[in-house]
Amino acid sequence: MKYKIPRGTQDILPSESKKWQYIEQKAHDLCRRYNYKEIRTPVFEQTELFARGVGDTTDIVQKEMYTFEDRGGRSLTLRPEGTASTVRAFVENKMHGWADQPVKLYYIGPMFRYERPQSGRMRQFVQLGVEAMGSDDPAVDAEVIGLAMDFYQELGLNNLKLVINSLGDVESRNNHRNALIDHFKPRISEFCGDCQTRLEKNPLRILDCKVDKDHELMKTAPSILDYLNNESKEYFNQVKKYLTDMNIAYEVDSRLVRGLDYYNNTAFEIMIDGEGFGAITTLTGGGRYNGLVEEIGGPATPGIGFALSLERLLMALETQGIELPVDQGLDAYIVTMGEAAKNAAPKLLHQLRKEGLKVDADYMKKKVKGQMKAADRQQADYVLILGEDELAESSVMMKTMKTGEQELVPLNEIKDKIFIAD
Ligand code: HAM
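Quick caveat: nothing in here was measured; it's all calculated off a predicted structure.

Q: What is the right way to look at the packing of helix H5 (residues 138-154) against helix H9 (residues 230-245) in this model?
A: To characterise two packed helices, one gives the angle between the axes of the helices and the distance between these axes. Packing of H5 against H9 leaves a shortest axis separation of 8 Å and a crossing angle of 45°. By the angle between their directions, the pair H5 and H9 is classed as oblique. In the packing of H5 onto H9, the handedness of the crossing is right-handed. When H5 is examined against H9, the residues Pro138, Ala139, Asp141, Ala142 and Ile145 are found in contact with a partner set consisting of Tyr235, Gln238, Val239, Tyr242 and Leu243.

In structure tokens form, the structure reads like this:
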């Protein structure tokens, strides 16, 4: 029987995994500078958490969850996103009582959605997410957006577009909601079944419908920006002012509603312009979720965050021809001549690795020529030739691959020679 990888998933092979490591390291480093601390939550949670947290009118909850019953009869779901889990952990660990507020957290981990796979849309994908809970200062919104933009810029991505919107507070949203119902109701029979259900449950979702996106009523739908009350308007203005102060260019798009239910006030996406990216142009999505902590059983606590997938980021880097400075070759490769030298190799390898060098040797009984070829293929900076003569002198013949120069070096001086040459 032949086994195949499940649809919408991928194996990350060594030539790719080193890029992943590089990007993950960048993310850890950036979050450290912004003073966000890492949180790791389980990959599965009670199904109810996502139904409540993400919202049961969303595509994610209605169509995309990997839900299963465990042997104890509990309904569990592979996490489709990280915000609900992070908020659950915030509530369960009483983080609202921590001395330092807002609590600033980030995560990097796999998420699962049963979607129709296409380039940039996977069934298992890795999100870097950031969540700041406990403050409703618009400066936190700007900080979170700034972090996301910095991440892409530090990796060298170009042609990014930051799109922002305000979904308003509860009062503004309710007024807008009523206007949307009045707008769509008379002709709702022309819309898809999902939109017909959305009309009463969550009319904002209609604006995000992929089936009816070209319907003329979509273009004339009332804009949330016309329904913001003074407080929401002022909040949005502050966020925009901070972004301008930080020299971060943005576009306001009143149609940006996002695919999850928990947002209010600030919503944003970072898109990438340009060819070679297919239909998927959104790299990052995020926004404010001031009601979510309470919804999940905690005290009323404001929050804001974003998530981006590393898969889409890597695609973007590739389409822009950006090479990451990943660690390539070996520091040294040990080439042995004869039985006694081969037997001495494990000890020398062990010593050099302990000293911090990246070294390897042959385990396939290759002849000297084959070993030299392997050293070349693996881009070793040095070849350490070990034969009977060298063994007798506790030394190796050290060949610098770039110049072809050779010199006899005592075993205990190899490390220094290589590090100094670096
Ligand atoms: P989201 O818009 O559902 O938001 O996803 C955020 C990002 O995850 C997307 O912009 C995209 O980069 C990536 N993504 C989503 N689905 C897939 C997929 N099937 N394949 C590859 N990448 C994908 C959230 O998940 C929210 N939790 C974001 C958030 C955090 N809001 C506040 N805090």
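Q: Just to check I follow, could you spell out the side chain of Ser309 for this structure?
A: With respect to the element layout, Ser309 can be found in strand E11 (residues 303-309). Every residue in contact with Ser309, bar those within four places of it in the chain, is listed here: Phe125, Val126, Gln127 and Leu283.

Q: Which parts of the structure should I look at to understand a nonpolar patch on the surface?
A: A cluster of nonpolar residues, Val43, Phe44 and Phe68, forms a patch on the protein surface that exposes about 240 Å² of accessible area. Mapped onto the fold, Phe44 is located in strand E2 (residues 44-46). With a relative accessible area of 41%, Phe44 lands in the partly exposed category.

Q: What exactly am I supposed to notice about helix H13 (residues 368-377) here?
A: In an α-helix, one turn spans 3.6 residues; hence positions three or four apart end up facing the same way. Every buried residue of H13 is listed here: Gln371, Ala374 and Ala375. Seen end-on, H13 carries its buried residues on one side only, within an arc spanning 100°. Residues of H13 that are exposed and point more than 90 degrees away from the buried face comprise Lys369, Lys373, Asp376 and Arg377. Looking at the buried residues of H13, the elements they touch are strand E12 (332-336) and strand E14 (382-386).

Q: Looking at this model, I keep getting lost on the sheet that holds strand E8 (residues 251-252). Mind explaining?
A: Backbone hydrogen bonds are what pair the strands of a sheet, in a parallel or an antiparallel way. As summarised here, the arrangement of the eight strands in space is E1-E5-E6-E11-E10-E9-E7-E8, forming an open sheet in which the pairing is mixed. With one partner strand each, in any of the chains shown, strand E1 (37-38) and E8 form the two edges of the open sheet. In terms of strand pairing, strand E5 (residues 103-112) meets strand E6 (residues 124-133) through ten bridges, oriented antiparallel. For Phe112, the partnering residue across the bridge sits in E6 and is Gln124. Where helix H4 (residues 83-92) meets the sheet, it contacts E5 and E6, and its direction lies at approximately 45° from that of E6.

Q: Sorry if this is basic, but what is going on with H4 here?
A: Taken across its ten residues, H4 has nine buried, putting it largely inside the fold. Every buried residue of H4 is listed here: Thr83, Ala84, Ser85, Thr86, Val87, Arg88, Ala89, Phe90 and Val91. Of the surrounding elements, those touching the buried residues of H4 are E2, helix H2 (47-53), E5, E6 and helix H10 (292-295).

Q: Explanation requested: the domain arrangement of the protein chain in the structure shown.
A: Interface extent is often summarised as the accessible area lost during association of the parts. Looking at the assigned domains, one finds that the protein chain contains domain 1 (14-169 + 229-319) and domain 2 (332-421). Domain 1 and domain 2 are separated by 48 Å when their C-alpha centres are compared.

Q: Teacher, can you tell me more about the nonpolar core here?
A: Most often, soluble globular proteins have nonpolar side chains that are buried together. Grouped together as the largest cluster of nonpolar side chains are 49 residues, with contacts concentrated most on Val87, Phe184, Phe191, Ile206 and Leu207. Looking at this core, the element that brings in the most residues is H4, giving five residues. When sequence neighbours within four positions are dropped, the list of residues in contact with Val87 reads Met133, Tyr289, Leu292, Val293 and Ile296.

Q: Would you take a moment to explain the sheet that holds strand E4 (residues 75-78) for this structure?
A: With antiparallel pairing, three strands are arranged side by side in an open sheet as E2-E4-E3. One side of each edge strand has no neighbouring strand; the edge strands of this open sheet are E2 and strand E3 (67-69). Geometrically, the sheet is characterised by an average inter-axis angle of 35° between neighbouring strands, direction not taken into account. Across three bridges, E2 lies against E4 in antiparallel orientation. What sits directly across from Phe44, in E4, is Leu78.

Rules behind the numbers
- Residues numbered from 1 in each chain as written.
- Predicted model: local features only at pLDDT ≥ 70, side-chain atom pairs only at ≥ 80, totals over all residues.
- Heavy atoms only, no water.
- Axes fitted to C-alpha atoms, helices over the stretch in contact; angles between N-to-C directions.
- Helix = DSSP H or I, 4+ residues; strand = E, 2+ residues; numbered from the N terminus.
- Parallel < 35°, antiparallel > 145°, perpendicular 65-115°, else oblique.
- Left-handed = near helix turned anticlockwise from the far one by under 90°.
- Contact = heavy atoms within 4.5 Å.
- Patch = residues over 30% accessible without salt bridge, like charges linked within 9 Å, V, L, I, M, F, W, Y side chains within 5 Å.
- Areas by Shrake-Rupley, 256 points an atom, 1.4 Å probe, with all protein chains shown as cover.
- Salt bridge = Lys/Arg side-chain N within 4 Å of Asp/Glu carboxyl O.
- Buried < 20%, exposed > 50% of the residue type's maximum accessible area, 1.4 Å probe, protein only.
- Arc of directions from axis to C-beta.
- Pairing = 2+ DSSP bridges.
- Domains from an automatic or database assignment.
- Core = buried A, V, L, I, M, F, W, Y, C linked by side-chain atoms within 4.5 Å.

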